[in-house]
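Chain residues, written in single-letter form:
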Amino acid sequence: MILIKNGTLVSPDGCRRADLLADEGKIVKIAGRIEAPEGCEVKDAAGMLVFPGFIDAHTHFDLHVAGTVTIDDFASGTKAAVAGGTTTIIDFGTAYPGETLNEGLDNWFRKAEAGCSCDYGFHQTITEWNEAISAEIPDMIGRGASTFKIYMTYDTQIDDATILKVLQRLKECGTTTGCHCENSGLIDTLREEYSSDPEKKRAVSSHYLTRPDSAEAEAIGRYCYLAEVADEPVIDVHLTCAKGLDEIRAARARGQKVYVETCPQYLVMDDSLYEREPFEEASRYVCAPPLRKKSDQDALWKAIRDGEIQTVSTDHCSFTTEQKRLGKEDFRKIPGGMPGVELRGPVMYSEGVAKGRISVEKMCEVLCGNPARLYGMYPQKGTLSVGSDADIVILDPSAHRLVSVETQVSRCDYAPLEGMELSCAIAAVYLRGTLVAEDGRVVCENQGRYVKRGLPEYF
Ligand code: DUC
Ligand code: ZN
C-alpha cells in the first residue's frame, strides 16, 4: 500500500491538489486529504506534478532492420521506458510474408520473454493479405493485439488495393490501424538518382533529400481517401510536417475521423542535423520519415495545442554508431531509427510545458488519456482514477537535468539530444503500485506484464 501525499494530480481536464492511495496495484482512493492507514508507505509529493503513467504506443524493440537488429531489446527498451516515466509501451508484432498473423504475434511474445520492466502490448503489422489472414483478425483482437499497422513504403509495404481491403475488414471487426505514410515510388526513384552519384551516395543528407514532405503528404492524402471509401476511422503515425497536416485537415473537413501521432524528434530536431560532420554525427538522426524544418516543428506544436494531434509516441528504434556505419558508403544502408523512449516525458515537459507551448493538461492528454482510449486500455491505463492501475509518475518541475549518454538507460552509445537541459526530473515511477524508478534510474526490474487490449475508443 502506498499513499502519495500533497502532490498536484494532473488530468486532461485540469490539475488538483489531492492525496492518492494505492493498494494491490490499483488506485483505491483520491481525496483532498487521506490519513495513512497503518503500515502504509507514504511518499511526500509536495511541489510535484503527479501524472498517470505515460503510454508509448510506438516502439520497436528487438527489430531486425537492414541486416541488423535494434540495440534495445525488450529488456533494455522497457527499462529505458520506465526510467523516463513510461509505464506501458505498445510494440509492433510483425507477420512477415509467408507467416500467419498468429505466428508473427507468437514471435513477439517470445521476444518479450527477455523480461519487461514496464507493461507492454502489441499492435500487429499486416504485410500481405489473403482470406486466411483476414480470418485471423478476430484472433489478434482476442489475444489483445487489437490494433494494427500497415506500411506504404519499405519491403513491408502493401499496395492501395490491399490497404482498402484491410480497412474494410478492420471496420467489420470494430478496430483500426496505424499507417506509415510515405510514397514509395517517389522515394525509390529519388534514391536511385542520388545513389548513382558517388558523392551523394555517401552523403547522409541524401537520406532526407530523397524523402521530401511531399512524399509523406501524398501518402497521407491517399490513405485518407482509401479510409473515406472504406468509411473507417484511421491513424496516421509519426506525422512530421505541415503539408501532411493539411491533408489530415482536408479529410476531417470531409467528415472523416483521422487520429494523428507525432514524436518528440519531429518537435525538437530539424533536418540541419543531417548536414553535420562527420558521418557518425549525422547518421544518428536518420529515421523515416526524416526530420523536417523548424516551421514544421512550429506547425506540429500548434496542432498539439489545438487538438489536431492526439498522441505523442516515440518510434524508438535504436542503433549504435557502429550499426549506423553500415551505411557509410551508401546512405540507403543506414539503419533507420533513433532512441527516444526514455526522454519523451521530460522533453515534452521541458520543451512543451515549461516553454509555454502546451499546457500540462495537454501533455497528460497526449501521453496518457488519448493513447489509452485510442488503443483500448482505458480506464485501466491512462488516468488517475479509482479502480485504475496504480501507474504513477511523479515529476519534479523544479529540477534540472542534462541529457547525457553517460546516464541513459538505453543501450545506445549516444543520446540524440546530448547536452540538452531538461527543466524537470522524473522523480519517481510506480508500476501498478510498485516503485520501479527514481530520478531516471530503474530500482526494480522485470515487473512488466502483458496488457490485453480491447477495441479502440473513437473519441
Ligand atoms: N521508421 C524508422 O526510422 N525506423 C523504424 C520504423 C520506421 O517507421
Ligand atoms: Zn515505427
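The present account deals with the structure reproduced in this document. What you see is a predicted model; the values in this text were computed from it and never measured. (Residues numbered from 1 in each chain as written. Chains lettered and ligands numbered in written order. Predicted model: local features only at pLDDT ≥ 70, side-chain atom pairs only at ≥ 80, totals over all residues. Heavy atoms only, no water.)

## A short note on the sheet that holds strand S13 (residues 234-236)
The strand order across the open sheet formed by eight strands is S6-S9-S10-S11-S12-S13-S14-S15, and the pairing between neighbours is parallel. The open sheet terminates on both sides in strands that have one partner only, identified here as strand S6 (54-59) and strand S15 (311-312). As paired elements, strand S10 (residues 119-126) and strand S11 (residues 148-151) share two bridges and run parallel to each other. Across the sheet, Thr 125 pairs through a bridge with Lys 149, a residue of S11. (Pairing = 2+ DSSP bridges. Helix = DSSP H or I, 4+ residues; strand = E, 2+ residues; numbered from the N terminus.)

## Some points on the environment of Asp 91
Tracing the sequence through the fold places Asp 91 in strand S9 (residues 86-95). Each C-alpha atom of the pair Asp 91 and Tyr 259 lies 18 Å from the other, and the pair is 168 residues apart in sequence. Not counting chain neighbours up to four residues away, the residues in contact with Asp 91 comprise Thr 59, His 60, Phe 61, Phe 74, Trp 108, Gly 121, Phe 122 and His 123. Looking at Asp 91, its side chain comes within polar contact range of the main-chain nitrogen of Phe 61, at 2.8 Å. (Contact = heavy atoms within 4.5 Å. Polar contact = N/O pair within 3.5 Å; in protein donor to acceptor, adjacent residues only side chain to side chain.)

## Remarks on the site of ligand 1
Around ligand 1, the surrounding shell consists of His 60, Tyr 154, His 180, His 238, Cys 287, Ala 288, Asp 315, Cys 317, Gly 336 and Gly 337. The side chain of Tyr 154 places a nitrogen or oxygen atom 3.4 Å from a nitrogen atom of ligand 1. For ligand 1, an oxygen atom lies 3.0 Å from a polar atom in the side chain of His 180. Taken atom by atom, the bulk of ligand 1 overlaps the largest pocket. (Near = heavy atom within 4 Å. 1 Å grid on protein atoms, 1.4 Å probe; cavity = no way out; pocket = protein on both sides within 12 Å on 5 of 7 lines; lining within 4 Å. Sits in = over half its atoms within 2 Å of the grid points.)

## Some details on the layout of surface pockets
Of the voids in this model, the largest pocket is the one considered here, and its volume is about 800 Å³. Put simply, the parts of the chain that give the lining of the largest pocket at least two residues each are strand S7 (64-65), S9, S11 and helix H5 (184-195). In terms of residue count, the dominant contributor to the lining of the largest pocket is H5 (four residues). Considering only residue class, the lining of the largest pocket consists of 15 nonpolar, 14 polar and seven charged. Its boundaries defined by the atoms lining it, the second largest pocket holds a volume of some 350 Å³. Along the wall of the second largest pocket there are 18 residues; nearest its centre are Leu 343, Arg 401, Thr 407, Asp 439 and Gly 440. Residue classes in the lining of the second largest pocket are distributed as nine nonpolar, five polar and four charged. (Points joined across faces, edges and corners; volume = space filled by probe spheres on them. Nonpolar A, V, L, I, M, F, W, Y, C, P; charged D, E, K, R; others polar.)

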